[in-house]
Amino acid sequence: MQNGPDELSLVFQALADPTRREILSRLRGGPTTVGELAEPFAMSRPAISQHLKVLERAGLIERTATAQWRTCTLRTEPLDEASAWVERHRGEWNARFDLLDERLRELKGQTDA
């Protein structure tokens, strides 16, 4: 049995928050300092730091320190793994939705008759 959440769960938990998703979007342009990442958000630096810790724990960012600068870099590998997981399950989900649509049409046809 595994202790704690698995890597994929950590990624989905990190992506569940809109602030963290926005931080990741801002990192698409390349490495960014923590100060630059924090600028658009109306929250304290400790709150931003907590969001960055969640992203780092999920493997979505890498934080480095050079002199007084703390820089964050996007890591896409966990996003690729999450995307692959979704794609593996998409066909099954679509099939189930198709069956549900068919059943709803049948029920609607019975009530219209």
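Everything here concerns the structure above.
Residues numbered from 1 in each chain as written. Predicted model: local features only at pLDDT ≥ 70, side-chain atom pairs only at ≥ 80, totals over all residues. Heavy atoms only, no water.

Draft legend 1. Inspection of the overall build of the protein at higher detail. For the protein, the count of helices and strands is five helices and three strands. Walking the protein from its N terminus toward its C terminus, one meets helices and strands in the order α-α-β-α-α-β-β-α. Scaling as 2.2 N^0.38, a compact globule of 113 residues should have a C-alpha radius of gyration of about 13 Å, whereas the protein reaches 20 Å, well beyond that. Counting only C-alpha atoms and orienting by the principal axes, one finds that the protein spans roughly 75 × 35 × 25 Å. (Helix = DSSP H or I, 4+ residues; strand = E, 2+ residues; numbered from the N terminus. Rg over C-alpha atoms; globule rule 2.2 N^0.38 Å.)

Draft legend 2. Seen up close, helix H4 (residues 45–57). The end-to-end C-alpha distance of H4, which contains 13 residues, comes to 18 Å, matching closely the 18 Å that a straight helix rising 1.5 Å per residue would cover. Turning to H4, the residues buried within the fold contact helix H1 (7–15), helix H2 (18–27), helix H3 (34–38), strand S2 (61–66) and strand S3 (69–74). In the segment just after H4, glycine 59 is the residue with positive phi, at about 80 degrees. (Expected span 1.5 Å × (residues − 1). Contact = heavy atoms within 4.5 Å.)

Draft legend 3. Quick peek at the sheet that holds S2. Across the sheet, which stays open at both edges, the three strands sit in the order S1-S3-S2 with antiparallel pairing between neighbours. Only two strands of the sheet have a single neighbouring strand rather than two, namely strand S1 (32–33) and S2. The pairing of S2 with S3 spans six bridges and is antiparallel. Across the sheet, the residue bridging to threonine 66 is tryptophan 69, located in S3. (Pairing = 2+ DSSP bridges.)

Draft legend 4. Structural context of the nonpolar core. In this structure, Ile23, Leu52, Leu55, Leu60, Ile61 and Cys72 are the most contacted members of the largest nonpolar core, which totals 18 residues. Only H1, H2, H3 and H4 provide two or more residues apiece to this core. In this structure, isoleucine 23 is in contact with Leu37, Phe41, His51, Leu52 and Leu55, ignoring residues within four places of it in sequence. (Core = buried A, V, L, I, M, F, W, Y, C linked by side-chain atoms within 4.5 Å. Buried < 20%, exposed > 50% of the residue type's maximum accessible area, 1.4 Å probe, protein only.)

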